[in-house]
Amino acid sequence: MLHTIENDYLRVSVDDHGAELCSIFDKVHNREVIWQADPAYWKRHAPVLFPNVGRHFEDHYRINGTEYPSKQHGFARDSEFTCVDMTADSITHKLKSSDATKENYPFDFELKIKHVLEKNQVSVCWEVVNHSNETMYFTIGGHPAFNVPAQGNDSPKEDYLLTFNGEKSLTYLLLDPASGTALPDQTKTLELTDGTCHIDAHMFDNDALVFDNQIEKAGIAFPDGTPYLELNCHRFPNFGIWSVPGSSFVCLEPWMGRCDDCGFKGNLSEKANINALNADEIFNASYEIKIY
């Protein structure tokens, strides 16, 4: 079931399935900003990635010597959430652990996802509660896909700009095609001009670009440099940028933790950027999407 809130600037819809943001309709410019999930390219809009971002090496992980199977991006995106609260400017969903989730993830947890609308901005807020009597480990991330080119604009995707926070260059990792995990010893450089670069046609030929400890703000601009949208993720350690070659969308992905490094076989507790929650502790994080 879809739930919708709106103001003078935006109309926002969120689905119970995956608590997924399915639409940000820009009422000022009369255009849909979120990719509408054409299955010919990618069947999702903006899934929430939990309890793992990306893939574990060889699609399993270890806790205290016990192996658990996992799938890419976890199970939350394919789970039915319950809408527990709705106001004029917010929608809140909740997912609780179950016998089914414990087949892949042994912890008792509660995940709340709240979408908040304020003027021309949507905030996506995550709350994770550990109801286990042991330390719980997880990563969590966003995966919003944005229409590029913007509806009503005839410029090709490659004329649009990725915008950052004034950096001259950024470093990134690619994914190992066989395992879908990061190649930490093969750093690449993204050269920028005034903090921007064009969306090159071959930028995503090898899947996503993975950034560590560099990006807290990223956006997309029209070919003339006019801002289209901006995503802010203060204090997020990881970030992904991805698209399907030939498609008309680009994903800006704020992550609290990411996929394994290729070859990682340690305990989950030893994974870089892992989030650890003691019994009954609460984790909170949020990011913002601003539409211009």
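As the structure is a computational prediction, the values presented were derived from the model and not from experiment.

Observations concerning the sheet that holds strand β15 (residues 161-163)
What links the strands of a sheet is backbone hydrogen bonding, and the strands pair in either a parallel or an antiparallel sense.
Stage number 1. Spatially, β8-β9-β10-β11-β25-β21-β20-β15-β18 is the arrangement adopted by the nine strands of the open sheet, whose pairing is antiparallel. The open sheet has two edge strands with one neighbour each: β8 (82-87) and β18 (196-198). Here the strands of the sheet are splayed against their neighbours by 15° on average, with no regard to which way each runs.
Stage number 2. Where strand β9 (residues 90-96) and strand β10 (residues 109-118) come together, seven bridges link them in antiparallel fashion. Its bridge partner lying in β10, Ile91 is registered against His115.

Comments concerning the pattern of salt bridges
Stage number 1. This structure, assessed with the given rule, holds 11 salt bridges.
Stage number 2. Here Glu67 makes a salt bridge to Arg62, at a shortest N to O gap of 3.6 Å.
Stage number 3. In this structure, the salt-bridge partner of Arg258 is Asp212, at a minimum N-O distance of 2.9 Å. Taken together, the positions of Arg258 in the loop between β23 (249-256) and β24 (275-277) and Asp212 in strand β19 (residues 209-212) put the pair 46 residues apart, joining distant regions of the chain.

What about the environment of Phe222?
Stage number 1. Residue position: Phe222 is located in the loop between β20 (217-221) and β21 (227-232).
Stage number 2. For Phe222, a relative accessible area of 11% translates into the label buried.
Stage number 3. On a C-alpha basis, the gap between Phe222 and Leu161 in space is 6.4 Å, while along the polypeptide they are 61 residues apart.
Stage number 4. When residues no more than four places from it in sequence are discounted, the contact partners of Phe222 are Arg31, Ala150, Asn153, Tyr160, Leu161, Pro227 and Tyr228.

What about the side chain of His56?
Stage number 1. Its location among the elements puts His56 in the loop between β5 (48-49) and β6 (60-63).
Stage number 2. In this structure His56 comes out as buried when scored by relative accessible area, which is 5%.
Stage number 3. Side chain to side chain, His56 and Asp260 meet in a polar contact 3.4 Å long.
Stage number 4. Among residues more than four places away in sequence, those in contact with His56 are Tyr61, Ser70, Thr181, Asp260 and Leu268.

Re the nonpolar core
Stage number 1. The biggest cluster of nonpolar side chains holds 73 residues, and the ones touching the most others in it are Phe50, Trp126, Ile140, Leu162, Phe164, Ile220 and Leu252.
Stage number 2. Per-element accounting of this core gives the leading share, five residues, to strand β25 (residues 282-291).

A closer look at the packing of aromatic side chains
Stage number 1. With the rule as written, the count across this model stands at 20 aromatic pairs.
Stage number 2. A ring pair is formed by Trp35 and Phe249, whose centres lie 4.7 Å apart and whose planes are at 45°; its orientation type is tilted. With a gap of 214 residues between them, Trp35 in the loop between β4 (31-32) and β5 and Phe249 in strand β23 connect regions that are remote in the sequence.
Stage number 3. Trp35 gets classed as buried once you look at its relative accessible area, which sits at 5%.
Stage number 4. Measuring from centroid to centroid gives 5.6 Å for Trp242 and Phe249, while their planes differ by 55°, and the two rings are tilted.
Stage number 5. With relative accessibility at 0%, the residue Phe249 sits in the buried group.
Stage number 6. In this structure an aromatic cluster arises from ring pairing among Phe50, Phe75, Tyr105, Phe107, Phe109, Phe138 and Phe283.

Criteria and cut-off values
Residues numbered from 1 in each chain as written. Predicted model: local features only at pLDDT ≥ 70, side-chain atom pairs only at ≥ 80, totals over all residues. Heavy atoms only, no water. Pairing = 2+ DSSP bridges. Helix = DSSP H or I, 4+ residues; strand = E, 2+ residues; numbered from the N terminus. Axes fitted to C-alpha atoms, helices over the stretch in contact; angles between N-to-C directions. Salt bridge = Lys/Arg side-chain N within 4 Å of Asp/Glu carboxyl O. Buried < 20%, exposed > 50% of the residue type's maximum accessible area, 1.4 Å probe, protein only. Contact = heavy atoms within 4.5 Å. Polar contact = N/O pair within 3.5 Å; in protein donor to acceptor, adjacent residues only side chain to side chain. Core = buried A, V, L, I, M, F, W, Y, C linked by side-chain atoms within 4.5 Å. Phe/Tyr/Trp six-rings, centres within 6.5 Å; stacked < 30°, edge-to-face > 60°.

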